[in-house]
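Residue-level structure breakdown
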Amino acid sequence: MSQQPFTLEGEERRIDSKRALLAYLRSPPKHFTLENYLCLSRILTQAGWRFDESLWHKDSHHLAVIEAAIIELEAQIAADKDRVLRHTVKNYPKPQDKQDTPNRR
């Protein structure tokens, strides 16, 4: 996947998109098409999950596609939010040095 330049607006859109997909996956059972499974498979594969026989595997997780996608999206959303917070803090104006202000007693 190609890396897009970081913008707060773009990152917020990506987070919202992942949240919407996560909400959809957590909703009551639905009929999944082949395209749905291919989309989730792509997300999982790009995130380092591997498929063996009937389950997706990563670290200590061995899950069906929907459960694996939920775990992965939760992790990605948390990482994305952390990245936005770090970017915001890094670009927050720094207070002036105390030497620049008069010393009051």
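Note that this is a predicted model, so its numbers are computed, not measured.

In spatial order, the strands read β1-β2-β3; together these 3 strands make up an open sheet with antiparallel pairing. Each having just a single partner strand, β1 (50-52) and β3 (61-63) make up the two edges of the open sheet. Averaged over all neighbouring strand pairs, the angle between strand axes comes to 30°, with direction disregarded. With 3 bridges joining them, β1 and strand β2 (residues 55-58) adopt antiparallel strand pairing. When the bridges of β2 are listed, Phe51 appears paired with Trp56. Contacts between helix α3 (residues 65-90) and the sheet are confined to β2 and β3, with β3 contributing the most and set at about 135° to the helix.

Time to look at the packing of aromatic side chains. Overall, the coordinates contain 3 aromatic pairs when judged by the stated rule. With 5.2 Å between their ring centres and 50° between their planes, Phe32 and Tyr37 make a pair best called tilted. On the basis of relative accessible area, Phe32 is assigned to the buried category, the value being 13%. According to the relative accessible area criterion, Tyr37 is partly exposed, its value standing at 34%. Measuring from ring centre to ring centre gives 5.3 Å for Phe51 and Trp56, while their planes differ by 55°; the resulting arrangement is tilted. Residue Phe51 is classed as partly exposed on the basis of its relative accessible area, which comes to 43%. You can call Trp56 buried: its relative accessible area is 7%.

Cut-offs used in this document
Residues numbered from 1 in each chain as written. Predicted model: local features only at pLDDT ≥ 70, side-chain atom pairs only at ≥ 80, totals over all residues. Heavy atoms only, no water. Pairing = 2+ DSSP bridges. Helix = DSSP H or I, 4+ residues; strand = E, 2+ residues; numbered from the N terminus. Axes fitted to C-alpha atoms, helices over the stretch in contact; angles between N-to-C directions. Contact = heavy atoms within 4.5 Å. Phe/Tyr/Trp six-rings, centres within 6.5 Å; stacked < 30°, edge-to-face > 60°. Buried < 20%, exposed > 50% of the residue type's maximum accessible area, 1.4 Å probe, protein only.

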